[in-house]
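One-letter residues, chain by chain:
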Amino acid sequence: MTPATLPRELDGKVVTSADPRYPLLRSTYTRAARPAMVVLPQTTTDVAVALRYARDSGLPIAVRSGGHGLSGRSSNDGGVVIDVSGLNEVRVLDRRTRLVRVGAGARWAEVAQALAPAGLAISSGDHGNVGVGGLATAGGVGWLVRDYGLTIDHVRAAEVVLADGRVVRTDAEHEPDLFWAVRGAGAGAGIVTAFEIEAIELRGVAVTQLALGVDPDGSTLSHWAECLARAPRQLSTAAMLMSDGRHAVLSLTAVYAGPDVGLMRKAVAPLLAIGTVLDQSVHRVPYSGLVSTAHLHPNVGQQPTNTTNGLLPTMTPDAARAITAAATGPRPALLQLRSVGGAVNDVAADATAYSHRDSNVLVVGTVFAPGDRAALDRLWRPVAAHTRGAYANFESRTDAAAFRRFYPGPTGDRVLALWRQYDPDGIFRSALYSGELS
Ligand SMILES: Cc1cc2nc3c(=O)[nH]c(=O)nc-3n(C[C@H](O)[C@H](O)[C@H](O)COP(=O)(O)OP(=O)(O)OC[C@H]3O[C@@H](n4cnc5c(N)ncnc54)[C@H](O)[C@@H]3O)c2cc1C
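Because the structure is a prediction, the values reported are computed rather than measured.

### Some details on the overall build of the protein
Turning to step 1, where the next piece is worked out: When helices and strands are counted, the protein shows 14 helices and 18 strands.
Turning to step 2, where the next piece is worked out: What you see for the protein is a C-alpha radius of gyration of 21 Å, in line with the 22 Å of a compact globule of 438 residues.
Turning to step 3, where the next piece is worked out: Seen through its C-alpha atoms, the protein measures out along the principal axes to roughly 65 × 50 × 45 Å.
Turning to step 4, where the next piece is worked out: Split into buried and exposed, the 438 residues of the protein put 57% on the buried side.
Turning to step 5, where the next piece is worked out: A separation of at least 24 residues holds for 72% of the contacts in the protein among residues at least 6 apart in sequence.
Turning to step 6, where the next piece is worked out: Measuring between centres, the 42 positive side-chain charges of the protein sit 2 Å from its 40 negative side-chain charges.

Take a look at the structure:
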């Protein structure tokens, strides 16, 4: 197909391989790529123009906000990347209702920094360089997740460029089906250019870091899950299982949604009894110190990994044993655990496109052999048997089975129907998944 003529609106906003900025824009966090061009829209209208141009060119399209997507699908080889990082405004719309407008191209560190002077925060994820667009269209399992819920649970409206170039505002009253899809399955519905999100009052958080010896029989992980099930909602934890191939250490970060170190110590005390404490620290930081601008960096394919995940309603002894065994296997792998219960489970399973509302544990597995899919399968098979469903954002796999793990049963049927309605030619879903979805 002959390339379409570049529209005048995009003058100066297109980066090709001859441009000195290209090396810093072509790739994602997990994938080195060589797109034909990266378009850098500055407005929502620019996004619509870029999308029409890309469609007319007949080139594959990738949509990028922060470039941290684990499947690496926010860039491509030979196609057009629509990179919305220029749409990064963060503005408090109403301090009383704590409503904030957040551009999809902002990084979460920028959001935390912009909201700090107002004493507000939005629970997002653990890393400040992750983009708003990718995270807030799929979930958002953050440091305050048990207290605040998922990021999508606080999205009140979104501005979306649809596949045909139309710009719509969607909320509970306007295009309600689209609003349902945007909160959990937004990537296949359109390009979100901005969200309106309800923030929380937050003057700081208390953080505990612990290193615990892990019992090979899985009991440390079982106790971790039991402690979290009983802990006040203000406590959320993320943990990495590190191993030398024989022994594992749980490197755990616990965050208390408030600045009171005394309350944190009380909430975290039961966790000190679940294994041999190898190291411990407690401190108070502003939320913007946790999701920090120190994380900001360009994405140049620096982390070529293969990642998958699964959700667990409860951590059974068998699941705990399987996860511990996976972490201490012969090949280098990283297993991570997140708490996802609390406020996440207050929301009805059919209220948004993220339906896993009975899960309490998220387990994520990563291998550092991106070309070797079998390595991930070997790691994950014994763990997968204990999981039910998965979170779309901690996943490198792009097949139809992965889609159904993210969006099981009637949720998946509704997601697919809406994606087909809003994007009849499948330009967004073909950028996300390999093969037909059903
Ligand atoms: C180091 C690291 C830490 C992470 N920590 C967390 C965490 O704590 N909690 C958590 O929930 N997740 C976490 N994630 C996962 C993260 O949520 C996803 O990778 C997310 O997709 C990244 O968003 P992004 O905008 O940076 O990604 P991108 O790579 O820019 O986008 C990923 C995909 O999202 C879609 N997309 C992007 N922008 C838009 C848009 N504006 N409109 C519609 N669709 C869009 C596209 O299909 C794209 O392929 C982490 C990832 C990494 C690499």
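From this point, the narrative continues.
### Digging into the packing of aromatic side chains
Turning to step 1, where the next piece is worked out: Applying the stated criterion to the full structure yields eight aromatic pairs.
Turning to step 2, where the next piece is worked out: An angle of 85 degrees between the planes, with centres 5.6 Å apart, marks the rings of Phe403 and Tyr433 as edge-to-face. With a gap of 30 residues between them, Phe403 in helix α12 (residues 400–406) and Tyr433 in the segment after α14 (427–432) connect regions that are remote in the sequence.
Turning to step 3, where the next piece is worked out: Judged by relative accessible area, which is 0%, Phe403 ranks as buried.
Turning to step 4, where the next piece is worked out: Judged by its relative accessible area of 8%, Tyr433 falls in the buried class.
Turning to step 5, where the next piece is worked out: Here Tyr407 and Trp419 contribute two aromatic rings whose centre-to-centre distance is 6.2 Å and whose plane-to-plane angle is 75 degrees, an arrangement assigned as edge-to-face. Separated by 12 residues along the polypeptide, Tyr407 in the loop between α12 and α13 (409–422) and Trp419 in helix α13 bring together distant segments of the chain. Note on accessibility: Tyr407 and Trp419 belong to one class, buried.

### Side note on the sheet that holds strand β2 (residues 37–39)
Turning to step 1, where the next piece is worked out: The mixed open sheet is built from four strands, whose spatial order is β1-β2-β4-β3. Each edge of the open sheet carries a strand with a single partner, namely β1 (14–15) and β3 (61–64).
Turning to step 2, where the next piece is worked out: Two strands pair when backbone bridges link them, and β3 and strand β4 (residues 80–83) are joined in this way by four bridges, in the parallel orientation. Among the inter-strand pairings, Val63 is bridged to a residue of β4, identified as Ile82.
Turning to step 3, where the next piece is worked out: Where helix α2 (residues 44–57) meets the sheet, it contacts β2, β3 and β4, and its direction lies at approximately 170 degrees from that of β4.

### A word on the sheet that holds strand β12 (residues 205–214)
Turning to step 1, where the next piece is worked out: Within the open sheet, the seven strands sit side by side as β15-β12-β14-β13-β17-β18-β16. Their pairing is antiparallel. If you trace the sheet from one side to the other, it starts and ends with β15 (277–285) and β16 (306–312), each paired once. Strand after strand, the sheet turns through a mean of 15 degrees between neighbouring axes, direction not considered.
Turning to step 2, where the next piece is worked out: Strand direction decides the pairing type here: strand β13 (residues 235–243) and strand β17 (residues 333–339), joined by four bridges, are antiparallel. Opposite Met240, over in β17, you have Gln336 as the bridge partner.

### Quick notes on the pattern of salt bridges
Turning to step 1, where the next piece is worked out: Tallied over the full model, the rule gives 24 salt bridges.
Turning to step 2, where the next piece is worked out: Ionic pairing is found between Arg233 and Asp346, a salt bridge with its closest N-O pair at 2.7 Å. Highlighted residues: Arg233 in the loop between α7 (219–230) and β13 and Asp346 in the loop between β17 and β18 (361–367), separated in sequence by 113 residues.
Turning to step 3, where the next piece is worked out: On the accessibility criterion, Arg233 (35% relative accessible area) is partly exposed.
Turning to step 4, where the next piece is worked out: Judged by its relative accessible area of 52%, Asp346 is exposed.

Parameters at a glance
- Per-chain numbering applies: the sequence of each chain, read as written, is numbered from 1 onward.
- Thresholds applied to this predicted model are a pLDDT of at least 70 for local features of residues and 80 or more for the giving and counting of side-chain atom pairs; totals over whole chains, interfaces and linings are not thresholded and use all residues.
- Computation of side-chain values covers all heavy atoms of the structure but excludes hydrogens and water.
- Numbered from the N terminus, helices here are DSSP runs of H or I no shorter than four residues, and strands are runs of E no shorter than two.
- Computation of the radius of gyration draws on C-alpha atoms, with the globule rule given as 2.2 Å multiplied by the number of residues to the power 0.38.
- Each residue gets one of three labels from its accessible area relative to the maximum for its type: buried under 20%, exposed over 50%, partly exposed in between, using a 1.4 Å probe on protein chains only.
- Any two residues having at least one pair of non-hydrogen atoms within 4.5 Å are treated as being in contact.
- Counted as positive: Lys and Arg. Counted as negative: Asp and Glu. His and the chain ends are not counted at all.
- Working definition for charges: the position is that of NZ of Lys, CZ of Arg, CG of Asp or CD of Glu.
- Aromatic contacts are taken between Phe, Tyr and Trp rings whose centres are within 6.5 Å, Trp giving its six-membered ring; a plane angle under 30 degrees counts as stacked, one over 60 as edge-to-face, and the others as tilted.
- At least two DSSP bridges between two strands are required for those strands to pair.
- Helix axes are fitted to C-alpha atoms over the stretch in contact, other axes to C-alpha atoms as well, and angles between N-to-C directions run from 0 to 180 degrees.
- The term salt bridge refers to a side-chain nitrogen of Lys or Arg lying within 4 Å of a carboxyl oxygen of Asp or Glu.

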